[in-house]
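Examining the three-dimensional arrangement
Given next are the chains, with one letter for each unit.
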Amino acid sequence: MFERFTQKTVNIVEDAQDLAQSLKHNVVYSEHFLLALIKAPKGVEAKIFKMAGLDVDELEMKTLRKLREKSYFEKNGEIPFSKSVQNILKMAVKLADENKSHLVQPVHLFLAILCTQNFGSYKILEETDFDKEKVISNLKNLL
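Only a predicted model underlies this, so the values are computations on that prediction, with no experimental measurement involved.

Looking at the overall build of the protein
Looking only at helices and strands, one finds 8 helices and 0 strands in the protein. What you see in the protein, going N to C, is helices and strands ordered as α-α-α-α-α-α-α-α. Against the globule reference of 15 Å for 143 residues, the protein gives a C-alpha radius of gyration of 14 Å, in line with a compact fold. The buried share among the 143 residues of the protein stands at 48%. A fraction of 71% describes how many contacts in the protein between residues 6 or more apart in sequence connect residues 24 or more apart. Carbon together with sulfur atoms contributes 49% to the accessible area of the protein, which is approximately 7600 Å² in total. When the 21 positive and 20 negative side-chain charges of the protein are each reduced to one mean point, those points stand 2 Å apart.

Overview of helix 2 (residues 30-39)
Most of helix 2 is tucked away, with 9 of its 10 residues classed as buried. Taken residue by residue, helix 2 has Ser30, Glu31, His32, Phe33, Leu34, Leu35, Ala36, Leu37 and Ile38 as its buried positions.

Side note on the confidence of the model for the protein
Detailed reading of the predicted coordinates is not advisable wherever pLDDT falls low. In the predicted model, the protein carries a mean pLDDT of 84, and 92% of its residues have values of at least 70. For the protein, helix 3 (residues 44-51) is the element with the lowest average pLDDT, namely 70, and helix 5 (residues 83-98) is the one with the highest, namely 94.

Quick look at the packing of aromatic side chains
This model, assessed by the stated rule, comprises 3 aromatic pairs. Ring centres 5.0 Å apart and planes at 75° place the aromatic pair Phe2 and Phe5 in the edge-to-face group. The class of Phe5 is buried, set by a relative accessible area of 6%. Ring geometry for Phe33 versus Phe81: centroids 6.2 Å apart, planes at 80°, classification edge-to-face. With Phe33 in helix 2 and Phe81 in the loop between helix 4 (56-69) and helix 5, this residue pair connects regions lying 48 residues apart in the sequence. Taken together, the aromatic side chains of Phe2, Phe5, Phe33 and Phe81 make up a single cluster linked through ring pairs.

What counts as what
- Residues numbered from 1 in each chain as written.
- Predicted model: local features only at pLDDT ≥ 70, side-chain atom pairs only at ≥ 80, totals over all residues.
- Heavy atoms only, no water.
- Helix = DSSP H or I, 4+ residues; strand = E, 2+ residues; numbered from the N terminus.
- Rg over C-alpha atoms; globule rule 2.2 N^0.38 Å.
- Buried < 20%, exposed > 50% of the residue type's maximum accessible area, 1.4 Å probe, protein only.
- Contact = heavy atoms within 4.5 Å.
- Areas by Shrake-Rupley, 256 points an atom, 1.4 Å probe, with all protein chains shown as cover.
- Lys, Arg positive; Asp, Glu negative; His and termini not counted.
- Charge placed at Lys NZ, Arg CZ, Asp CG, Glu CD.
- pLDDT = per-residue confidence, 0-100.
- Phe/Tyr/Trp six-rings, centres within 6.5 Å; stacked < 30°, edge-to-face > 60°.

This is the structure:
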């Protein structure tokens, strides 16, 4: 699946895995993906959050707080993706296909998070005040 991901997108996936490991979680949650997007080197990712009207520092704090509430385990080796992350990754590929893009970009990951409303990462975003439809429209214009 990752052969279609840009290097930036692969880096975000790897950063999410690293975050899960550093927080001693037994799986990679959607919140790890959101945090990895927040912490990504500035570029398109910074535009994503600015366009959404989201305070990145506040969002990072909320996401870390939620992640710290999750149970943790000592786990060595590869940490599997949760069902929510598997769905986000599939949705990101689907969104890339719908936009006639062979490559999956970070913006596709963010759009996938916005489309998966029952996952923790979306619920964190929902706690902030932003216009979801406007954000989706603006993000699609980036593609």
